[in-house]
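Take a look at the letters that make up each chain.
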Number of protein chains: 2
Amino acid sequence: MNKQMTARELRREIRAGRWTTQTSGAAAGYVQANLVMLPRSQAFDFLLFCTRNSKPCPVLDVLDPGTVAPAIAPEADLTTDLPRYRVFRNGELADEVTEVTDLFDEDTVSFLLGCSFSFENAMLAAGLPVRNIEAGTNVSMYITRRPCRPAGPFDTPMVVSMRPLTPVQAVRAVQVTSRFYLTHGAPVHMGDPAALGIADLSRPDFGDPVDIKPGEIPVFWACGVTSSLAAVSAGLPLTITHAPGHMFVSDLKDEDMTVL
Amino acid sequence: MNKQMTARELRREIRAGRWTTQTSGAAAGYVQANLVMLPRSQAFDFLLFCTRNSKPCPVLDVLDPGTVAPAIAPEADLTTDLPRYRVFRNGELADEVTEVTDLFDEDTVSFLLGCSFSFENAMLAAGLPVRNIEAGTNVSMYITRRPCRPAGPFDTPMVVSMRPLTPVQAVRAVQVTSRFYLTHGAPVHMGDPAALGIADLSRPDFGDPVDIKPGEIPVFWACGVTSSLAAVSAGLPLTITHAPGHMFVSDLKDEDMTVL
């Protein structure tokens with residue numbers, strides 16, 4: 001039912017306050033995006049961070065200061081059209097809200113970054129299991145010990161998402177997700193979590209744990225939550241991000257994001 | 001002979017003033033890059049322009065202000081290691097020089113952007129003809145009437161490069177170049193030049209004309225010269241770019257730039 005909504009219909013529900021939950025699986029086929037809002041004075045360094053770490057932070061759109069309608073969804077308003085926002089003050093979570101109209105001013109620059117929901121649809125279409133969708137939970141995400149390349153005050157390790165697959169399925173998943181270079185593309189690792197500095201797969205830093213069945217290995221993709229973590233790492237007076245899983249839904253289709 | 005030089009060897013020749021000509025075909029297999037140098041105050045808008053127009057302006061590296069050693073060639077010096085630079089003052093070409101040490105200061109930000117030389121090697125390896133290499137001339141480049149998405153003061157149409165191919169070769173060229181998403185990727189057009197606003201293929205805006213044989217069609221790729229044109233379009237007091245064809249040669253290999 002939700003799956004058959006268009007992006008515009010879903011955003012209208014969100015804006016009216018009738019949709020307040022996470023967006024995974026909703027308006028299937030439309031590109032969803034991570035959101036970061038920062039003051040203009042920090043925008044260059046943050047865009048630089050994203051450019052230098054494009055695997056976890058693929059830039060889909062950057063808006064002119066003080067504007068709320070992205071090119072990838074010209075009728076949308078980024079201050080009202082996400083179901084839930086996180087407000088950080090001096091690097092600490094201060095609030096979770098359903099709109100940020102009062103916090104947004106002519107100096108605010110909004111960034112939209114690719115999200116792995118795009119390739120999950122492609123994995124399902126290829127007959128691959130996506131455990132978190134099967135379980136109806138949020139994907140497991142982990143803060144790794146692999147550093148990103150810093151830019152100005154933005155400095156954070158890479159966050160990864162994990163989906164369990166058999167080795168044969170993992171080969172197919174590499175093929176399927178490689179096409180989605182603007183939404184994280186191919187995995188960054190598969191197998192031993194310790195190689196990424198992850199101590200315990202059953203305790204993700206974000207999202208929910210999933211079962212790993214006998215014969216399966218964990219497969220790790222660079223995750224857009226890296227952009228939130230990086231934005232907050234600068235300890236700015238005010239930073240706004242989407243709440244995990246509560247993404248911006250654009251008018252782009254997942255297939256628009258593929259390279260081949 | 002040149003072909004077998006490493007990037008480091010070629011840069012050493014350039015820095016010593018022993019190599020002053022264009023770099024097409026030299027140090028084959030290493031990624032070559034367009035260069036733009038701008039003041040820090042304009043760097044956000046320029047990076048935004050490149051992000052919004054990533055097909056002609058794919059960002060390979062952006063350096064911290066005042067630094068000359070890119071991450072993609074840590075031992076290099078961008079103020080001395082290109083064979084020829086163009087210096088623009090108030091948007092007008094003022095000089096062509098072989099180093100820019102005296103023009104570079106702690107406020108200067110350097111951008112390196114992908115170049116089609118990367119996929120030319122792949123086309124040759126696939127048995128496709130590259131007419132400009134056969135003829136020993138610079139590739140034909142045209143300013144189109146297709147606008148880029150502007151950012152701040154940076155506003156310019158897209159520049160394309162053109163290589164003639166038969167339709168069957170063009171199909172193969174789409175496959176071969178699509179993998180090189182950080183160096184322009186697939187063609188943006190093939191066939192009628194008028195669709196891009198190009199009046200006369202025999203009179204390119206940059207580079208040299210090439211013969212189009214019977215049965216061939218012109219195939220157009222987004223071109224990194226767009227970044228030079230955009231940088232200059234702002235009419236800044238000082239802008240530095242590479243001279244056309246006189247690229248920066250990085251330590252990356254062309255194969256590092258592929259998506260599959």
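These numbers were taken from a predicted model, which means no experiment stands behind them.

Undergrad: Can you walk me through the confidence of the model for chain A in this structure?
TA: Segments scoring low in pLDDT should not have their predicted coordinates read at a detailed level. Of all residues in chain A, 99% have pLDDT values of 70 or greater, and the mean over the chain is 95. Here the predicted complex carries an ipTM of 0.87, next to a pTM of 0.91.

Undergrad: Even after reading the chapter, I still don't get the interface of chain B and chain A, so can you show me in this structure?
TA: It is common to report an interface's size as the accessible area lost on association of the parts. With 20 residues of chain B at the interface, the matching set in chain A holds 20 residues. Approximately 1,900 Å² of surface area, both sides summed, lies buried where chain B meets chain A, with 65% of it carried by carbon and sulfur atoms. Considering only the surface of chain B that becomes buried against chain A, F44, L47 and L260 of chain B emerge as the three largest contributors, covering 29% of it. Here chain B is connected to chain A by 6 residue pairs in polar contact (both at pLDDT 80 or more). Of all the secondary-structure elements, those providing two or more residues to the side of chain B that touches chain A are helix 2 (40-52) and strand 2 (59-62) of chain B. The biggest single contributor to the side of chain B that touches chain A is helix 2 of chain B, with 8 residues.

Undergrad: Help me understand the relation of the copies chain B and chain A in this model?
TA: Both copies of the chain are related by one operation, a rotation about an axis with a shift along it. With an RMSD of 0.0 Å, chain B superimposes on chain A once it is rotated by 180° and translated 0.0 Å along the axis. On this basis, the relationship between the two copies can be described by a two-fold rotation axis. Considering only C-alpha atoms, the part of chain B nearest the rotation axis is F44 of chain B, at 2.2 Å. A share of 100% of interface residues in chain B that are also interface residues in chain A marks the association as one of identical surfaces.

Undergrad: I would appreciate a short explanation of the nonpolar core in the present structure.
TA: The nonpolar side chains of a soluble globular protein tend to be buried, and buried together. If you look at the biggest cluster of nonpolar residues, it comprises 63 residues, and the most contacted ones within it are F46 and F111 of chain A together with F46, F111 and F220 of chain B. The residues contacting F111 of chain B, other than those within four sequence positions of it, are N34, L35, V36, L38, A43, F46, L47, D61 and V62 of chain B.

Undergrad: Explain the side chain of N132 of chain A to me, please; I cannot follow it from the model alone.
TA: As for its position among the elements, N132 of chain A is in helix 4 (residues 131-135). Ignoring any residue separated from it by four or fewer positions in sequence, one finds N132 of chain A in contact with E120, T137, N138, V139, R163 and V210 of chain A.

Undergrad: Looking at this structure, I do not really get helix 6 (residues 225-233) of chain B. What am I missing?
TA: Because the α-helix completes a turn every 3.6 residues, residues three or four places apart line up on one side. Residues and elements named next belong to chain B. For helix 6, a buried count of 7 out of 9 residues is recorded, marking the element as mostly surrounded by other parts of the structure. Within the span of helix 6, buried status applies to V225, T226, S227, S228, A230, A231 and V232. Positive phi shows up at G235, right after helix 6, with a value of about 65°.

Undergrad: I'm lost on the sheet that holds strand 8 (residues 189-190) of chain A in this one. Help?
TA: Two modes of strand pairing occur in sheets, parallel and antiparallel, and in both the strands are linked by backbone hydrogen bonds. Residues and elements named next belong to chain A. Strand order in the open sheet formed by 4 strands is 6-7-9-8, with antiparallel pairing between adjacent strands. Among the strands making up the open sheet, the edge pair consists of strand 6 (140-147) and strand 8. As paired elements, strand 8 and strand 9 (residues 217-222) share 2 bridges and run antiparallel to each other. Opposite M190, over in strand 9, you have V219 as the bridge partner. Most of the contacts of helix 6 (residues 225-233) go to strand 7 (residues 157-165), to which it runs at about 160°, and overall it touches strand 6 and strand 7.

Undergrad: What exactly am I supposed to notice about the sheet that holds strand 6 (residues 140-147) of chain B here?
TA: Residues and elements named next belong to chain B. Overall, antiparallel pairing links the 4 strands, which are arranged 6-7-9-8 in an open sheet. Each end of this open sheet is capped by a strand with a single partner; those strands are strand 6 and strand 8 (189-190). Pairing of strand 7 (residues 157-165) with strand 9 (residues 217-222), which is carried by 6 bridges, proceeds in the antiparallel orientation. Directly across from P164, in strand 9, lies its bridge partner P218. Relative to the sheet, helix 3 (residues 117-125) contacts strand 7 and strand 9, its axis offset from that of strand 7 by approximately 15°. Packed on one face of the sheet, helix 6 meets strand 6 and strand 7 and runs near 160° to strand 7.

Undergrad: Sorry, what's going on with the pattern of salt bridges here?
TA: Any two side chains of opposite charge can pair if their charged atoms end up close together. Per the stated rule, a full pass over the model turns up 26 salt bridges over all chains. Between D81 of chain B and R15 of chain B there is a salt bridge, with the nearest N and O atoms lying 2.8 Å from each other. You can see D81 of chain B sitting in the loop between strand 2 and strand 3 (85-89) and its partner R15 of chain B sitting in helix 1 (residues 7-15), a full 66 residues away along the chain. Residues joined in a network through salt bridges with shared partners are R84, R86 and E96 of chain A.

Parameters and conventions
Residues numbered from 1 in each chain as written. Chains lettered and ligands numbered in written order. Predicted model: local features only at pLDDT ≥ 70, side-chain atom pairs only at ≥ 80, totals over all residues. Heavy atoms only, no water. pLDDT = per-residue confidence, 0-100. Contact = heavy atoms within 4.5 Å. Buried area = accessible area lost by both parts, 1.4 Å probe. Polar contact = N/O pair within 3.5 Å; in protein donor to acceptor, adjacent residues only side chain to side chain. Helix = DSSP H or I, 4+ residues; strand = E, 2+ residues; numbered from the N terminus. Least-squares fit on C-alpha atoms with pLDDT ≥ 70 in both. Core = buried A, V, L, I, M, F, W, Y, C linked by side-chain atoms within 4.5 Å. Buried < 20%, exposed > 50% of the residue type's maximum accessible area, 1.4 Å probe, protein only. Pairing = 2+ DSSP bridges. Axes fitted to C-alpha atoms, helices over the stretch in contact; angles between N-to-C directions. Salt bridge = Lys/Arg side-chain N within 4 Å of Asp/Glu carboxyl O.

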